[in-house]
Amino acid sequence: MTETTNGTATRRMMVAAAMGLGGTLIASSARAAECPPGKAATAAGIDGPKQGKDVADVVLTSLDLGEEKIGLRGYQLRLRRLVVQPGGEVPVHSHENRPALIYIESGEMTEFKNICAVPIVHRAGQATPEDHRVVHWWRNTGKVPAVVLSADVFGAAEDPHMM
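Here we summarise the structure given alongside this text. (Residues numbered from 1 in each chain as written. Predicted model: local features only at pLDDT ≥ 70, side-chain atom pairs only at ≥ 80, totals over all residues. Heavy atoms only, no water.)

Let us look at the overall build of the protein. Of regular secondary structure, the protein possesses one helix and eight strands. Taken from the N to the C terminus, the helices and strands of the protein come in the order α-β-β-β-β-β-β-β-β. Within the protein, counting contacts between residues at least 6 apart in sequence, those at least 24 apart form 75% of the total. Accessible surface, the protein: about 9,800 Å² in total, of which carbon and sulfur atoms supply 60%. (Helix = DSSP H or I, 4+ residues; strand = E, 2+ residues; numbered from the N terminus. Contact = heavy atoms within 4.5 Å. Areas by Shrake-Rupley, 256 points an atom, 1.4 Å probe, with all protein chains shown as cover.)

Considering the arrangement of structural elements, one finds Glu130 in strand E6 (residues 127-130). In this structure Glu130 is buried but unpaired, with Arg98 as the nearest side chain of opposite charge at 5.5 Å. Looking at Glu130, its side chain comes within polar contact range of the side chain of His95, at 2.8 Å. Those residues in contact with Glu130 that sit more than four places away from it in its chain are His95, Arg98, Pro99, Ala100, Ile102, His136 and Trp138. (Buried < 20%, exposed > 50% of the residue type's maximum accessible area, 1.4 Å probe, protein only. Lys, Arg positive; Asp, Glu negative; His and termini not counted. Salt bridge = Lys/Arg side-chain N within 4 Å of Asp/Glu carboxyl O. Polar contact = N/O pair within 3.5 Å; in protein donor to acceptor, adjacent residues only side chain to side chain.)

Moving on, we come to the nonpolar core. By size, the foremost hydrophobic cluster in this structure holds nine residues: Leu82, Val84, Val90, Ile102, Ile104, Met109, Trp138, Ala146 and Val148. Contributing elements (two or more residues each) for this core: strand E2 (75-94), strand E3 (100-106) and strand E8 (146-155). When residues of this core are assigned to their parent elements, the largest contribution, three residues, is made by E2. For Val84, the contacting residues outside a window of four places in its chain are Asp54, Val55, Glu89, Val90, Met109, Asn140, Val144, Pro145 and Ala146. (Core = buried A, V, L, I, M, F, W, Y, C linked by side-chain atoms within 4.5 Å.)

A few words now on the packing of aromatic side chains. This structure, assessed with the given rule, holds one aromatic pair. The interplanar angle of 15° and the centroid separation of 4.2 Å between the aromatic rings of Phe112 and Trp137 together place this pair among those described as stacked. Of this pair, Phe112 sits in strand E4 (residues 108-113) while Trp137 is found in strand E7 (residues 135-139), placing the two residues 25 residues apart along the sequence. The cationic tip of Arg78 hangs over the ring face of Phe154; the distance from NZ or CZ to the ring centre is 3.6 Å. (Phe/Tyr/Trp six-rings, centres within 6.5 Å; stacked < 30°, edge-to-face > 60°. Lys NZ or Arg CZ within 6 Å of the ring centre and 35° of its normal.)

Right under this line is the structure:
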């Protein structure tokens, strides 16, 4: 190989390595903050606000799961957009019968969770699962409104704005 070919090959390898690293950074940045090591808790519940404060909750779309092949009659898959003003709060709620996936589109939210002894800060671009073990509440501790997307499996007979 000539010097030019080696230089081109080296540049291509460097670009490929950088792209691989960039992909790793992008993938890892999408992961939510988790309970720090040694801070896990086993509490069944948690104290916090009983009513929402400064939260706008809009159901963007839903799908009747009873009409799908899985046949989960009485359940919907829904997608909501919550806008939480600075200092706003999503009240204490359980995910015992309502698994969800949360994505922080913009802003910052702090989660107070029964299975973690310390608050967890979630930032824009991060996602987190909420399973049957989770009882928690959220507060916007940032300086700008936080936009949160919530996808959950929801009992159709329940309040559609249950947090």
